[in-house]
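Spelled out, the chains give:
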Amino acid sequence: MKKAITLPLLIAVSCLIAGIYGVLHDQITYTISPEYYTKYKFIQFGLTEFGMPERTNRVMAAIVGWMATWWVGLILGIILSLTGLIHKTWQQMFKVTLKAILINLLVSFIFGILGYLYALAFMPHEWQDYLSFWDVPYEIVDIKNYLRVGCIHTFGYLGGVIGLPIAIAYSIRTKRRIARSTII
């Protein structure tokens, strides 16, 4: 019965963690390229319709971060919480699944950094060539940082996908390790 309560709790915690991650992530990437938000993300998320003053751009970037990631936490939380049902007690389920969620988050974060490094190392100096490929608005002034933030976001989502089987494997390995230690 306690596992039945733990399951939705973990899903909610996963949504909360993912949303907070998105808020913090987008504060960092807003610093790198405000134009990525003012000329793309705010429009994409319908935040320009409110006519908010420019001084609220950080708040709007936080809103974008939340809106872009909480639902990822929902999906990951459902999958990882269901995986967590393999654990014997609700306490083990909670502890191991929470760690699995954080592992997934860490992989996503690392991939975001790799996206930034990729953009620094491999994207050519002729950034104009990328305007049509990346569907970049032509009024972008700082194209390099706009595309760097695009790489960070793309790689971060890729990291979330790659982190999922890693987190599931962690949960399964932990279950096996606990089972072996109780046999002895």
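What counts and how
- Residues numbered from 1 in each chain as written.
- Predicted model: local features only at pLDDT ≥ 70, side-chain atom pairs only at ≥ 80, totals over all residues.
- Heavy atoms only, no water.
- Helix = DSSP H or I, 4+ residues; strand = E, 2+ residues; numbered from the N terminus.
- Buried < 20%, exposed > 50% of the residue type's maximum accessible area, 1.4 Å probe, protein only.
- Contact = heavy atoms within 4.5 Å.
- Axes fitted to C-alpha atoms, helices over the stretch in contact; angles between N-to-C directions.
- Left-handed = near helix turned anticlockwise from the far one by under 90°.
- Polar contact = N/O pair within 3.5 Å; in protein donor to acceptor, adjacent residues only side chain to side chain.
- Phe/Tyr/Trp six-rings, centres within 6.5 Å; stacked < 30°, edge-to-face > 60°.
- Core = buried A, V, L, I, M, F, W, Y, C linked by side-chain atoms within 4.5 Å.
- Parallel < 35°, antiparallel > 145°, perpendicular 65-115°, else oblique.
- Nonpolar A, V, L, I, M, F, W, Y, C, P; charged D, E, K, R; others polar.

Undergrad: An account of the overall build of the chain is needed here, citing residue identities and associated values.
TA: Of regular secondary structure, the chain possesses six helices and zero strands. In the chain, the succession of α and β elements from N to C terminus is α-α-α-α-α-α. Split into buried and exposed, the 184 residues of the chain put 41% on the buried side. Contacts in the chain between residues at least 24 apart in sequence constitute 77% of all its contacts with a sequence separation of at least 6.

Undergrad: Describe in detail the packing of helix α3 (residues 57–84) against helix α4 (residues 90–122), supporting the description with residues and values.
TA: The N-to-C vectors of α3 and α4 enclose an angle of 140°; their axes lie 9 Å apart at closest approach. Between α3 and α4 the crossing geometry is right-handed. Along the contact surface, α3 presents L76, L80, S81 and G84, while α4 presents M93, T97, A100, I101 and N104.

Undergrad: Tell me about the side chain of T97, and please be specific about residues and values.
TA: Note that T97 resides in helix α4. For T97, the side chain forms a polar contact with the main-chain oxygen of M93, separated by 2.7 Å. In this structure T97 touches L10, L80, S81, G84 and Q92, once residues within four positions along its chain are discounted.

Undergrad: Explain the packing of aromatic side chains to me, using residue names and the numbers behind them.
TA: Counted according to the given criterion, the structure contains seven aromatic pairs. In textbook terms, an aromatic cluster arises when at least three aromatic residues are bridged by ring pairs, as seen for Y30, Y36, Y37, Y40, F42 and Y146.

Undergrad: Can you break down the nonpolar core residue by residue, with the values?
TA: Of all hydrophobic cores here, the largest spans 16 residues; its most connected members are Y37 and F42. Sorting the residues of this core by element identifies α2 (34–44), α3 and α6 (143–183) as the ones contributing at least two each. Ranked by size, the runner-up nonpolar core spans eight residues in total, among them L76, A100, L164 and Y170.

Undergrad: Give a description of the environment of S108 that names residues and reports values.
TA: For S108, the position within the fold is in helix α4. Along the backbone, S108 and L164 are 56 residues apart, and their C-alpha atoms lie at a distance of 9.5 Å.

Undergrad: Tell me about the environment of L114, residues and numbers included.
TA: Tracing the chain through its elements places L114 in helix α4. Sequence-wise, L114 and I152 are 38 residues apart; in three dimensions their C-alpha atoms are separated by 7.5 Å.

Undergrad: Go over the environment of G160 with me, naming the residues and quoting the values.
TA: Residue position: G160 is located in helix α6. With a relative accessible area of 12%, G160 lands in the buried category. Residues G160 and N104 lie 56 residues apart in sequence; the distance between their C-alpha atoms is 6.1 Å. Every residue in contact with G160, bar those within four places of it in the chain, is listed here: L76, N104 and S108.

Undergrad: Just give me the short version of the packing of α2 against α3, but keep the residues and values in it.
TA: α3 packs onto α2 with a crossing angle of 45° between their chain directions and a minimal axis gap of 11 Å. By the angle between their axes, α2 is oblique relative to α3. Of the two possible hands of crossing, α2 and α3 adopt the one that is left-handed. Facing α2, whose interface residues are Y37, T38, K41 and F42, α3 presents N57, M60, A61 and V64. Of the residues assigned to the contact of α2 with α3, the class counts are five nonpolar, two polar and one charged.

Undergrad: Break down α2 for me, citing the residues and quoting the values.
TA: Of the residues making up α2, those classed as buried are E35, Y36, Y37, K41 and F42. Trailing α2 by a residue or two, G46 shows a phi angle of about 70°, which is positive.

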